[in-house]
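# Structural characterization, general
Here's the letter readout for the chains.
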Amino acid sequence: MDIHYRRVLLKLSGEALGGANGIGLDPKMLAFISREVKKIRDIGVEVGLVVGAGNIFRGMESTEFAIDPIQGDFIGMEATTINALVVKEALSFIGIKAMVLSLLGENKIVDNYHRDKALKYIAQGYTIIFAGGTGNPFFTTDTAAVLRGLELDADVVLKATKVDGVYSADPKKDPHAQRYETISYQDALAQNLQVMDQTALVLAKENRMPMVVFELFRPDALLDLVRGKSVGTLITE
Ligand code: UDP
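Residues numbered from 1 in each chain as written. Predicted model: local features only at pLDDT ≥ 70, side-chain atom pairs only at ≥ 80, totals over all residues. Heavy atoms only, no water.

### Observations regarding the pattern of salt bridges
Rules: Basic side-chain nitrogens of Lys or Arg form a salt bridge, by our definition, when they fall within 4 Å of a carboxyl oxygen of Asp or Glu. Only runs of H or I of at least four residues qualify as helices and only runs of E of at least two qualify as strands under DSSP, and these elements are numbered from the N terminus. The buried label goes to any residue with under 20% of its type's maximum accessible area, the exposed label to any with over 50%, and the partly exposed label to all in between, with areas taken from a 1.4 Å probe on protein chains only.
In the structure shown here, the tally under the stated rule is eleven salt bridges. One salt bridge connects Lys38 with Asp42, and the closest N-O pair in it is separated by 3.1 Å. Of the two residues, Lys38 and Asp42 are both situated in helix H2 (residues 27-42); the distance of four residues between them amounts to about one turn of the helix. Salt-bridge contacts for Glu237 lead to Arg208; the nearest nitrogen and oxygen are separated by 2.8 Å. With Glu237 in the segment after strand S9 (233-236) and Arg208 in the loop between helix H7 (198-206) and strand S8 (211-215), this pair connects stretches of sequence that are 29 residues apart. Classification of Glu237 by relative accessible area gives exposed; the value is 63%. Residues participating in the shared-partner salt-bridge network are Lys11, Asp142 and Lys159.

### Structural notes on the nonpolar core
One broad trend across soluble globular proteins is that nonpolar side chains are buried collectively. The condition that has to hold: Definition of nonpolar core: a set of buried residues of the types Ala, Val, Leu, Ile, Met, Phe, Trp, Tyr and Cys, connected through side-chain atoms within 4.5 Å. We call two residues in contact when some of their heavy atoms are within 4.5 Å.
In terms of nonpolar packing, the biggest core is built from 40 residues, with Val8, Leu10, Leu12, Ile129, Leu158 and Phe214 touching the most fellow members. For Leu10, the contacting residues outside a window of four places in its chain are Val37, Gly48, Leu49, Val50, Leu158, Ala160, Phe214 and Leu222. Listed in part, the 31 residues of the second largest apolar core include Phe130, Ile183, Ala188 and Ile235.

### A word on the layout of surface pockets
The condition that has to hold: Cavities and pockets were defined on a 1 Å grid built from protein atoms only: a cavity is a group of points that admits a 1.4 Å probe but offers it no way out, a pocket is an open group of points flanked by protein on both sides within 12 Å along at least five of seven lines, and a lining residue is one with an atom within 4 Å of any such point. Grid points are joined across faces, edges and corners, and a volume is the space filled by probe spheres set on the points.
Here the largest pocket defines a volume of roughly 1,100 Å³. Lining the largest pocket are 44 residues, and of these Arg58, Asp142, Lys159, Gln194 and Val195 lie nearest its centre. Listed by contribution, the elements that provide at least two residues to the lining of the largest pocket are helix H1 (14-17), helix H3 (69-93), helix H5 (141-151) and strand S6 (156-161). Ranked by the residues each element gives to the lining of the largest pocket, the list is headed by H3, at five residues.

### Structural notes on H2
In an α-helix there are 3.6 residues to a turn, and that puts residues three or four apart on one side. Note the cut-off: For a helix, the expected span equals 1.5 Å multiplied by the residue count minus one. Identification of polar contacts relies on pairs of N or O atoms within 3.5 Å, with a donor-acceptor requirement for protein atoms, meaning one able to donate a hydrogen and the other able to accept it, and with residues adjacent in sequence counted only if both atoms are side-chain atoms.
The terminal C-alpha atoms of H2 lie 22 Å apart, and with 16 residues this matches the ideal 22 Å at 1.5 Å per residue to within 8%. Buried-residue contacts for H2 involve strand S1 (7-12), H1, strand S2 (46-51), H3, strand S5 (127-131) and helix H8 (221-226). Between a side-chain oxygen at the N-terminus of H2 and the backbone nitrogen of Lys28 the separation is 3.1 Å; the capping residue is Asp26. At the exit of H2 stands Gly44, carrying a positive phi of roughly 95°.

### Some thoughts on the site of the ligand
Here is the rule: Note on definitions. A residue lies near a molecule or strand when any single heavy atom of the residue is within 4 Å of it. Using the Shrake-Rupley algorithm and a 1.4 Å probe, accessible areas are obtained, with residue cover drawn only from the displayed protein chains. Assignment to a cavity or pocket requires that more than half of a molecule's atoms be within 2 Å of the site's grid points.
Residues in contact with the ligand amount to 18 residues; listed here are only the nearest, Gly54, Asp73, Thr134, Asn136 and Thr141. Here Gly54 contributes a backbone N or O atom positioned 2.7 Å from an oxygen atom of the ligand. With the chains in place, 90% of the 520 Å² that the ligand exposes on its own is no longer accessible. Assessed atom by atom at 2 Å from the grid points, the ligand resides in the largest pocket. Per element, the largest residue contribution to the shell around the ligand is three residues, and it comes from H3.

What follows is the structure, encoded as structure tokens:
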């Protein structure tokens, strides 16, 4: 069987882990995602996961008190650890060896991120879940995904979203919106895509890291993708 991508970095937004409204943690969704990951692990694909936190914390609109924006970013990064730990349990439950490495440092439940450690364990068949985003405020977990993808020498960064790729217009508003099969980094940057953080795109462009935006919620989409079928939108040179 042909495998197109042998090592992938999959970015799961917090929203993807939440229920219908993208809030909290939905066991059905977590179980579904775990099964999809298992399908590619079973054919030997090596997997790194970066998780977001939009389902738990994305700043706080409040008239009661204000949260310092940088402090808010740290809270967001901490929230990714909750998601990472829950994803690890969901993966472990169906027999996927998984570990969480954190960019925010070690504590009683997560190990510190170290590139050598990540490379060693990924080669041993562990699915590594990266918590803590980039470890820095002002960034997003999209950027963390590209960084980890580059450090792990992944073949591709896969961004799972609720839409099945990049469109010429908002498909919810414009019935003539067309999905691109591929789009250049330059065009993706020029269009100021909502679906992808600009910093992440620039980093991917400068280092020629291909990215695919796709809808994870179609069964087998991830499997089809790693086998080289055209799924979602490939962002490349
Ligand atoms: N965040 C951050 N630095 C990072 C990654 C995340 O400060 O490197 C914070 C930021 O406040 C962000 C929140 O954590 O809003 C959640 O991350 P993100 O928005 O990427 O999550 P997603 O939208 O993928 O669920």
